[in-house]
Amino acid sequence: MSEDKLLRLVKGSRFSPQAYGLVMAALELAVSEKRGHVSGVELLEALALLVARRFGLLARVVLNEWGIYRSEDVGEIVFDLVEAGIMAKRPEDSKEDFAGYPLFETIKRLVMEEPVGDIFMTESEERFGRRLSQQGEES
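Residues numbered from 1 in each chain as written. Predicted model: local features only at pLDDT ≥ 70, side-chain atom pairs only at ≥ 80, totals over all residues. Heavy atoms only, no water.

In terms of nonpolar packing, the biggest core is built from 44 residues, with Val-23, Leu-63, Val-74, Val-78, Leu-81, Leu-103 and Ile-107 touching the most fellow members. Looking at this core, the elements that each hand over two or more residues are helix H1 (3–11), helix H2 (17–34), helix H3 (40–55), helix H4 (59–65), helix H5 (71–83) and helix H6 (103–113). The element that contributes the greatest number of residues to this core is H3, accounting for 10 residues. Those residues in contact with Ile-107 that lie beyond four places of it in its chain are Ala-48, Val-51, Ala-52, Gly-56, Ala-59 and Leu-63. (Core = buried A, V, L, I, M, F, W, Y, C linked by side-chain atoms within 4.5 Å. Buried < 20%, exposed > 50% of the residue type's maximum accessible area, 1.4 Å probe, protein only. Helix = DSSP H or I, 4+ residues; strand = E, 2+ residues; numbered from the N terminus. Contact = heavy atoms within 4.5 Å.)

In this section: the packing of H3 against H6. For the pair H3 and H6, interaxial distance at closest approach is 9 Å and the crossing angle is 50°. The orientation of H3 with respect to H6, classified from their angle, is oblique. At the point where H3 passes H6, the crossing takes the right-handed sense. Of the residues in H6, those in contact with Leu-44, Leu-47, Ala-48, Leu-49, Val-51 and Ala-52 of H3 are Leu-103, Thr-106, Ile-107, Leu-110 and Val-111. For the contact of H3 with H6, the per-class residue count stands at 10 nonpolar, one polar and no charged. (Axes fitted to C-alpha atoms, helices over the stretch in contact; angles between N-to-C directions. Parallel < 35°, antiparallel > 145°, perpendicular 65-115°, else oblique. Left-handed = near helix turned anticlockwise from the far one by under 90°. Nonpolar A, V, L, I, M, F, W, Y, C, P; charged D, E, K, R; others polar.)

Our next topic: H3. One full turn of an α-helix is made of 3.6 residues, so residues set three or four places apart face in the same direction. Relative to the 22 Å expected for 16 residues at 1.5 Å per residue, H3 spans 22 Å between its end C-alpha atoms, a close match to the ideal helical length. Along H3, 12 of the 16 residues are buried, which leaves the element largely enclosed by surrounding structure. Looking only at H3, the buried set comprises Gly-40, Leu-43, Leu-44, Ala-46, Leu-47, Ala-48, Leu-49, Leu-50, Val-51, Ala-52, Arg-54 and Phe-55. Gly-56, located one to two residues past H3, shows a positive phi value of around 55°. (Expected span 1.5 Å × (residues − 1).)

No statement about biological role is implied by the geometric values presented.
Written as structure tokens, this is what we have:
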């Protein structure tokens, strides 16, 4: 993946660099569980699980701070990544695949079902988001 592509994308976006890193981490999780192309709902489910485990009941606050207010925002991020050539899509994939998913309700249910594990981002995700933020400020 080209960091230059990602930097250009993040610089003009309403979403934080961490939001892009989170979506890519959720894709990695979803692909590892399915071993192949994942649907919008499967990506949202992986993202909900990841966020529930990492941030617990603070998930809404964290995601809102990063510019994610609804499932459709995740679709916007995914298609930003597709347009930048960082992610791939199939012809039948669309932004509408992300519409109407109960993201925050799912996160809350997952938090209540299992205890919060490591609420901090992995070192690589944190470093990735911090580096993009610093480079964006320098520009």
